[in-house]
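# Structural characterization, general
The primary structure of each chain is shown beneath.
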Amino acid sequence: MTYFSTRGGVSALTFSEAVMMGLAEDGGLLLPRTIPRLDAATVYSWREKSYAGLAFEVMSRFIDDIPASDLRALVNESYAAFDQAEVIPLVHYGNLHILELFHGPTLAFKDIALQFLGNLFAYLLKKSGDRMNILGATSGDTGSAAIYAVRGKAGINIFILHPYQRVSPVQEKQMTAVLDENVHNIAIRGSFDDGQAIVKGIFADLEFKKAHHLAAINSINWARVLAQVVYYIWSCLHVWAHENLNSIDFAVPTGNFGDIFAGFIAKRMLPEGMIRRLVLATNTNDILARFVEKGDYSLGEVVQTSSPSMDIQSASNFERYLYYLTDSDPKRTGDLMKEFAEKGRLDLSGYLDQIKRDFATEAIGEKTVKATIAEFYKEHKYILDPHTAVGVAAALRQQKPGVAMVCLATAHPAKFAAVVEEAIGLPPPVPESLAGILQRESRCEVMDADAGLVKAFIKSHDL
Ligand SMILES: *Cc1c(COP(=O)(O)O)cnc(C)c1O
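Now for a look at the structure at hand.

Reading the values: rules and limits
Residues numbered from 1 in each chain as written. Predicted model: local features only at pLDDT ≥ 70, side-chain atom pairs only at ≥ 80, totals over all residues. Heavy atoms only, no water. Helix = DSSP H or I, 4+ residues; strand = E, 2+ residues; numbered from the N terminus. Rg over C-alpha atoms; globule rule 2.2 N^0.38 Å. Buried < 20%, exposed > 50% of the residue type's maximum accessible area, 1.4 Å probe, protein only. Contact = heavy atoms within 4.5 Å. Areas by Shrake-Rupley, 256 points an atom, 1.4 Å probe, with all protein chains shown as cover. Lys, Arg positive; Asp, Glu negative; His and termini not counted. Charge placed at Lys NZ, Arg CZ, Asp CG, Glu CD. Polar contact = N/O pair within 3.5 Å; in protein donor to acceptor, adjacent residues only side chain to side chain. Near = heavy atom within 4 Å. Nonpolar A, V, L, I, M, F, W, Y, C, P; charged D, E, K, R; others polar. Salt bridge = Lys/Arg side-chain N within 4 Å of Asp/Glu carboxyl O. Pairing = 2+ DSSP bridges. Right-handed = clockwise from strand over helix to strand, strands pointing away. Axes fitted to C-alpha atoms, helices over the stretch in contact; angles between N-to-C directions. Left-handed = near helix turned anticlockwise from the far one by under 90°.

Moving on to the overall build of the chain. Secondary structure summary: the chain contains 19 helices and 15 strands in total. Relative to its length of 463 residues, the chain is compact, with a C-alpha radius of gyration of 20 Å against a globular reference of 23 Å. Considered along the principal axes of its C-alpha atoms, the chain spans approximately 55 × 50 × 50 Å. Looking at the chain residue by residue over its 463 residues, the buried ones come to 61%. Within the chain, contacts between residues at least 6 apart in sequence are counted, and of these 76% link residues at least 24 apart. Per element, the accessible surface of the chain, about 17200 Å² overall, is 49% carbon and sulfur. Of note, the chain has its 45 positive side-chain charges centred 2 Å away from the centre of its 54 negative side-chain charges.

The next thing to look at is unusual backbone geometry. Its identity as a non-glycine residue notwithstanding, H213 has a phi of 50°, on the positive side. A positive phi angle, close to 55°, is found at S328, a residue other than glycine. Residue placement: S328 occurs in the loop between helix 13 (318-325) and helix 14 (330-343). For S328, a relative accessible area of 37% translates into the label partly exposed.

This part covers the environment of N119. Position of N119 relative to the elements: it lies in helix 5 (residues 110-128). Take N119: its relative accessible area is 7%, and that puts it in the buried class. Distance from N119 to L74, taken between C-alpha atoms, is 6.4 Å for residues 45 residues apart in sequence. Filtering out sequence-adjacent residues up to four positions away, N119 remains in contact with L74, E77, S78 and K153. Polar side-chain contacts of N119 include one of 3.0 Å to the backbone oxygen of Q115.

Turning our attention to the site of the ligand. Taken together, 15 residues form the shell around the ligand, and within it K110, D141, G255, N256 and T410 come nearest. Contact between the ligand and K110: an oxygen atom at 2.5 Å from a side-chain N or O atom of the residue. Contact between the ligand and N256: an oxygen atom at 2.7 Å from a main-chain N or O atom of the residue. Considered class by class, the residues forming the shell around the ligand number 5 nonpolar, 7 polar and 3 charged.

Take the pattern of salt bridges next. Following the criterion strictly, the structure yields 16 salt bridges and no others. Among the ionic pairs, K455 bridges to D205, the shortest N-O distance being 2.7 Å. You can see K455 sitting in helix 19 (residues 451-461) and its partner D205 sitting in the loop between helix 8 (192-204) and helix 9 (206-211), a full 250 residues away along the chain. Beyond isolated ion pairs, a larger network of salt bridges with shared partners links D286, R290, D296 and R345.

This part covers the pairing of strand 10 (residues 275-282). Of all 8 residues making up strand 10, 6 are buried, and the element is well covered by its neighbours. Strand direction decides the pairing type here: strand 9 (residues 248-253) and strand 10, joined by 6 bridges, are parallel. For P253, the partnering residue across the bridge sits in strand 10 and is A281. Remark: the strand 9/helix 11 (residues 258-269)/strand 10 crossover connection has right-handed handedness. As judged from the 5 bridges shared by strand 10 and strand 13 (residues 359-363), these two strands associate in the parallel manner. Residue pairing for strand 13: A281 is matched across the bridge by E362.

Taken together, 6 strands build an open sheet; the order of strands is 3-4-14-9-10-13 and the sheet is mixed. Because the sheet does not close on itself, it has two edges, and the strands there are strand 3 (90-93) and strand 13. The average undirected angle you get between the axes of adjacent strands in this sheet is 25°. In the packing of helix 10 (residues 222-242) onto the sheet, the strands contacted are strand 3, strand 4 (96-100), strand 9, strand 10 and strand 14 (404-409), and the crossing angle to strand 9 comes to about 130°. Most of the contacts of helix 17 (residues 386-398) go to strand 14, to which it runs at about 165°, and overall it touches strand 4, strand 9, strand 10, strand 13 and strand 14.

Bringing the packing of helix 5 against helix 6 (residues 141-150) into the picture now. Working note: a packed helix pair is described by the angle between its axes plus the distance between those axes. Running from N to C, helix 5 and helix 6 cross one another at 35°; their axes reach a closest spacing of 8 Å. Regarding helix 5 and helix 6, the two cross each other, and that crossing is right-handed. Residues K110, D111, L114, Q115 and G118 of helix 5 form the contact with helix 6, whose participating residues are D141, T142, A145, A146, Y148, A149 and V150. A class-by-class count of the residues in the contact of helix 5 with helix 6 yields 6 nonpolar, 3 polar and 3 charged.

Bringing the sheet that holds strand 7 (residues 183-189) into the picture now. Strand order in the open sheet formed by 5 strands is 8-5-6-7-15, and the pairing between neighbours is parallel. The open sheet is flanked by strand 8 (214-216) and strand 15 (445-448), the only strands paired with a single partner. For this sheet the average axis-to-axis angle between neighbouring strands, irrespective of direction, equals 30°. The pairing of strand 7 with strand 15 spans 4 bridges and is classified as parallel. By the bridge assignment for strand 15, I188 is matched with M447. Helix 6 rests against strand 5 (132-137), strand 6 (156-163) and strand 7 of the sheet, and its axis sits at about 170° to strand 6.

Laid out in structure tokens, this is it:
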């Protein structure tokens, strides 16, 4: 399998090269040359596999430059860090299946991709004898998941930008209380989008990128998308074990379009109709909902909500979908992205038929988020975190008879205890890994939203 850029300027990369490049050098995003198709018999034959076993099967269809035994070891190591034997349990409440993606070391779904990516980076660097400075921006959860993925790993430094005082206190401590020498937290006075723009700008400075061996760990890295494809297929296998429905919808709380894009890849891999539709759920920051509803992809102001990991207006993975939407046209994709960068808006209404074949959508307001947490608790004694609640609210509105509905549960409720307590009147139980976290010693650099300052900091800490 080779990899190429959505803008056509990079091609014929191996998987390892694509992982190391992160953002494509022409400013686009990397994609596999083809999306492998799975027939029904093959998928059914995987029913008894462990999560790591399934991950190996799915990933090996996209990776042909890592020996099978090494890939197996990488996957096993990555999912051994989870606190549940199943890694990702599928639980059942009412007519919904809830996919618990939050049993990794930082209690959010990003662990699933990042534990794998961290091990993959360490493996590839060991082979090449190279070093790496990871640079990423986070709206909350990616940062800690990335830090936990590489803390203490030889040859790797990590620099994570988060919006100063705009992440929850627990999220902040999960990042800044990791005191390993290779971990550098930077709090930017600004929004997540400001941090992301700085990171994108630094990566676009190819000279600086080369000199400091910069690597991305944000959801633009193909290996992250790939790791997330696995649990869509895992869900199908586990839904079939529970109910006799062959058609499945997924409700996906969405910010950067990474998780739901993985669902799109899974949908294309599986036999036609097995995944019927992806329900794209946003909070008040509804650019993606407007896109699915009307083909209107236009920036709004970033609004702070109770689901901060989705407080995003320009979704970094969107370009990958745009590439497929334009019928795999790199020129058109590049032109559209340029137009979006200039005008902050795109009219994609000409593509609505295709968009609606892939997605349904709901934008969920703050009141509904809290009401959903409250009602779900009252009815099922199950506590949703606010991100998951966005997805569940969308699922309840979009559910169709005869179609199974899987809701992706993206964070443990204890990470957002204040919102949850407001909704249900008591705090969610605190898992062991968070006990006493607010009292832990921490380390963090606070900076203005200025790429020059961030560059200077990286330069002075390069290995
Ligand atoms: C990152 C995140 C999301 C959104 O995922 P995207 O891939 O950015 O769409 C949703 N919920 C939680 C808890 C997250 O951390």
